[in-house]
Structures are given as C-alpha cells and as structure tokens.
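Spelled out from the first residue to the last, the chains are:
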Amino acid sequence: DDQIERERASQHLAGGCCALAAVYLMGKFYVANAGDSRAIIIRNGEIIPMSREFTPETERQRLQFLALLRPELLGKEFTHLEFPRRIQPTELGKKMLYRDQNMNGWAYKKIEEDDLKFPLIFGEGKKARMMATIGVTRGLGDHDLKVFSSNIHIKPFLSCFPEVRVYDLTQYEHCPDDVLVLGTDGLWDVTNDKEVAGVVMEVLTSYEPNDPCRYTMVAQELVVRSRGVLKERGWRLANDKLGSGDDISVFVIPLGGPGNYT
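Conventions adopted
Residues numbered from 1 in each chain as written. Predicted model: local features only at pLDDT ≥ 70, side-chain atom pairs only at ≥ 80, totals over all residues. Heavy atoms only, no water. Axes fitted to C-alpha atoms, helices over the stretch in contact; angles between N-to-C directions. Helix = DSSP H or I, 4+ residues; strand = E, 2+ residues; numbered from the N terminus. Parallel < 35°, antiparallel > 145°, perpendicular 65-115°, else oblique. Left-handed = near helix turned anticlockwise from the far one by under 90°. Contact = heavy atoms within 4.5 Å. Nonpolar A, V, L, I, M, F, W, Y, C, P; charged D, E, K, R; others polar. Buried < 20%, exposed > 50% of the residue type's maximum accessible area, 1.4 Å probe, protein only. Arc of directions from axis to C-beta. Salt bridge = Lys/Arg side-chain N within 4 Å of Asp/Glu carboxyl O. pLDDT = per-residue confidence, 0-100. Core = buried A, V, L, I, M, F, W, Y, C linked by side-chain atoms within 4.5 Å. Patch = residues over 30% accessible without salt bridge, like charges linked within 9 Å, V, L, I, M, F, W, Y side chains within 5 Å. Areas by Shrake-Rupley, 256 points an atom, 1.4 Å probe, with all protein chains shown as cover. Domains from an automatic or database assignment. Buried area = accessible area lost by both parts, 1.4 Å probe. Polar contact = N/O pair within 3.5 Å; in protein donor to acceptor, adjacent residues only side chain to side chain. Pairing = 2+ DSSP bridges.

What should I look at first to understand the packing of helix α4 (residues 193–204) against helix α5 (residues 213–227) in this one?
In a packed pair of helices, the relevant descriptors are the angle between the two axes and the axis-to-axis distance. Between α4 and α5, the shortest axis-to-axis distance is 9 Å and the interhelical angle comes to 135 degrees. Considering the angle they form, α4 stands oblique to α5. Viewed along their axes, α4 and α5 form a crossing whose handedness is right-handed. Contact residues: V196, V199, V200, E202, V203 and L204 in α4; R214, Y215, M217, V218, E221, L222 and R225 in α5. The class makeup of the residues in the contact of α4 with α5 is nine nonpolar, no polar and four charged.

What follows is the structure in structure tokens.
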C-alpha cells in the first residue's frame, strides 16, 4: 500500500485494487485477504472457507467506530449512525430504529438534525456502499479516491491490512481432487461455494488424476459458467439469471498429488 502511494507521487500513477494471496511455507498454506475476493478449500467434498469478504456490511462496526473517533473524516455530509432507511426532514423529533458501532441489534432514538445527514453505510448486500462511493472496505491503493463532488477522502476507512488464515497440509491425507480455489468477486457474485465445489468435482472426475491440465480446465469452466452466454438481454447463466458483469479471475491449486490418491 505504501509502495502504491510512492508510485502515485513519483510516476503519477493512481488506482487501487483488492488483494487475495496464498503462500505455501513449511507445510502450511497462509491465505491473506484484503477485499471482496474469496478462497475456499475443497477436501473430500467438504468446503472449508479460507477467507471472508470485507464489505460495508461485514465491517460496519469498524467503520462506525473510526467515524466516531474521528468525525472530521465525515466532513459535514455523513453520520456514523445507521438507520433502516434514509431519514426525511419531516421526521425530526420522531422515533426511528438505529444502530451504532457497539450494537448488533437495533434500538429506538429520537431523530435530530445530525441524523438527516447521509449515512456512512447505505444500502444492503452487493449494493451497500461506504460513503455512497465504494463497495469494499479493505484493499490496496485508492489514495486519491474521494466522495463524488466533495473533498472527503475514502482512504482513511479503506484498510490495507489483510485477514490471514492458516491451513496445515500435514494434518490431512490429500488426494488429487482436493484443491484450493481462489476467485475474485466476479465469480462469487453469481456462483456460491456449493456450486463451485460441484464444478470442481464434475471436471476433475473427467480427467486422469495425474493429468496436470485438469486444474486449469476447472478454473476455465468456473469462469465460463459464471460469465454465461451473451444473449439479447445481456450475459445469461444456464438458469437464465444474469451472468457476472465483473471481472472474473480464478486459480485452482491442487493440495495432493497422484501418489496420495486413494
């Protein structure tokens, strides 16, 4: 993240990205995630999550706590409190459900002038946005990103620190059908963990266990199925639902070799 900031100044390069990395070291996989990509291990048909997405919804309390500690980061446009919907001026003095950085559930409060400001986090699911601008809350770069038509910087809320999960390969006997799947959000937006595991099993069983291209073919099939087919109404999946409109990158990494196949 610091290097991106230096290059921004020295080479006039701007931009940012999410990051998902897997490092194999001394018998263990270390999976680090900063953003909304995802990693899962599929072992003997079982799905083992190796990351979680960082979005305005999943990191609501961290973002609200930072905004509470440093209200100047919000300018005069945002409130750190969350409400079920946008508050209207006619509702001043009335009671409304809300939650702050310490709350998992909701409580009632009397609506005040400050509550009319735009909420720090607005929307639900994939449509949730931080400061009405960005749908991820961890990543690298984006030092210049600002709220539209304002001088409010997003970067203080966009953490570059990843969450790291560790998987000990020496604790299990792995066969060639056991894999680590890394994918960007373009995959997971339209394909869930169970569906990915199904594609993995379907493609792997159509190749010999010692055929190295079987893993590349799984990755290719996951991309193709998540993109869908171009029709008059856009990219469509096999069930006629919308295909992914985002970029899709997939890695499929074997955890065991032919010698371990039982």
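What exactly am I supposed to notice about helix α2 (residues 60–69) here?
Given 3.6 residues per turn, any residue in an α-helix points the same way as the ones three and four places further on. What α2 keeps buried is the set R60, L63, Q64 and A67. Buried residues of α2, viewed axially, fall in a sector of 95 degrees; they line one side. Along its buried surface, α2 packs onto β10 (121–122) and β11 (129–130).

I'm lost on the pattern of salt bridges in this one. Help?
Side chains carrying opposite charge are able to pair once their charged atoms draw close together. Inspection of every chain in the model, using the stated rule, returns 19 salt bridges. Here E221 makes a salt bridge to R225, at a shortest N to O gap of 2.6 Å. Here the residue E221 and the residue R225 both occupy positions in helix α5, the gap between them amounting to four residues, near one helical turn. Looking at E221, the relative accessible area reads 25%, which means it is partly exposed. Bridged by salt links that share partners, the residues E5, R8 and D144 form one connected network.

Got a minute to help me understand the confidence of the model for the protein chain in this structure?
A low pLDDT score tells you not to read the predicted coordinates there in detail. Here the protein chain averages 91 in pLDDT, while 98% of its residues score no lower than 70. Mean pLDDT across the elements of the protein chain bottoms out in strand β16 (residues 234–236) (73) and peaks in strand β13 (residues 163–168) (97).

How do you make sense of the environment of A14 when you look at a structure like this?
Along the polypeptide, A14 turns up in the loop between α1 (2–10) and β1 (16–17). Here A14 falls in the exposed class, since its relative accessible area comes to 66%. Separated by 50 residues in the primary sequence, A14 and Q64 place their C-alpha atoms 27 Å from one another.

So what exactly am I meant to see when it comes to the nonpolar core here?
Within soluble globular proteins, side chains that are nonpolar generally end up buried alongside one another. Of all hydrophobic cores here, the largest spans 19 residues; its most connected members are V181, V196, L222 and V252. Contributions of two or more residues to this core are made by β4 (38–43), β14 (179–183), α3 (185–188), α4, α5 and β17 (250–254). By residue number, the principal contributor to this core is α4, which donates six residues. For V181, the residues in contact, after removing those within four places along its chain, are R38, A39, I40, I42, W188, V196, V200, L222, V250, F251 and V252. Residues L73, L74, V147 and F157 belong to the second largest nonpolar core, which totals 16 residues.

I tried to follow a nonpolar patch on the surface on my own but got confused; where do I start?
The grouping of V23, L25 and M26 at the surface amounts to a nonpolar patch, some 350 Å² of accessible area in total. The residue M26 is located in the loop between β2 (19–25) and β3 (28–34) in this model. Overall, the relative accessible area of 77% leaves M26 in the exposed class.

Is there a simple way to think about the domain arrangement of the protein chain in this case?
Accessible area lost upon the coming together of the parts is a frequently used measure of interface size. As far as domains go, the protein chain holds domain 1 (1–52 + 162–254) and domain 2 (59–141). Taken together, the contact pairs 14 residues of domain 1 with six residues of domain 2. Approximately 800 Å² of surface area, both sides summed, lies buried where domain 1 meets domain 2, with 55% of it carried by carbon and sulfur atoms. Our enumeration of links across domain 1 and domain 2 arrives at zero salt bridges. Between the two partners, domain 1 and domain 2, sit three residue pairs in polar contact (both at pLDDT 80 or more). Across the side of domain 1 that touches domain 2, the residue classes break down as six nonpolar, three polar and five charged.

Would you explain the sheet that holds β4 in this entry?
Sheets are built from strands that pair by backbone hydrogen bonding, the pairs being arranged parallel or antiparallel. Taken in spatial order, the four strands of this open sheet run β5-β4-β14-β17, and their pairing is antiparallel. The sheet terminates laterally at β5 (46–49) and β17, the two strands that pair on one side only. For this sheet the average axis-to-axis angle between neighbouring strands, irrespective of direction, equals 20 degrees. Pairing of β4 with β14 involves five bridges; the strand directions are antiparallel. Counterpart to R38 in the pairing with β14 is G183. Along the sheet, α4 makes contact with β4, β5 and β14, crossing β4 at roughly 50 degrees. Contacting β14 and β17, α5 crosses the sheet at an angle of about 150 degrees to β17.

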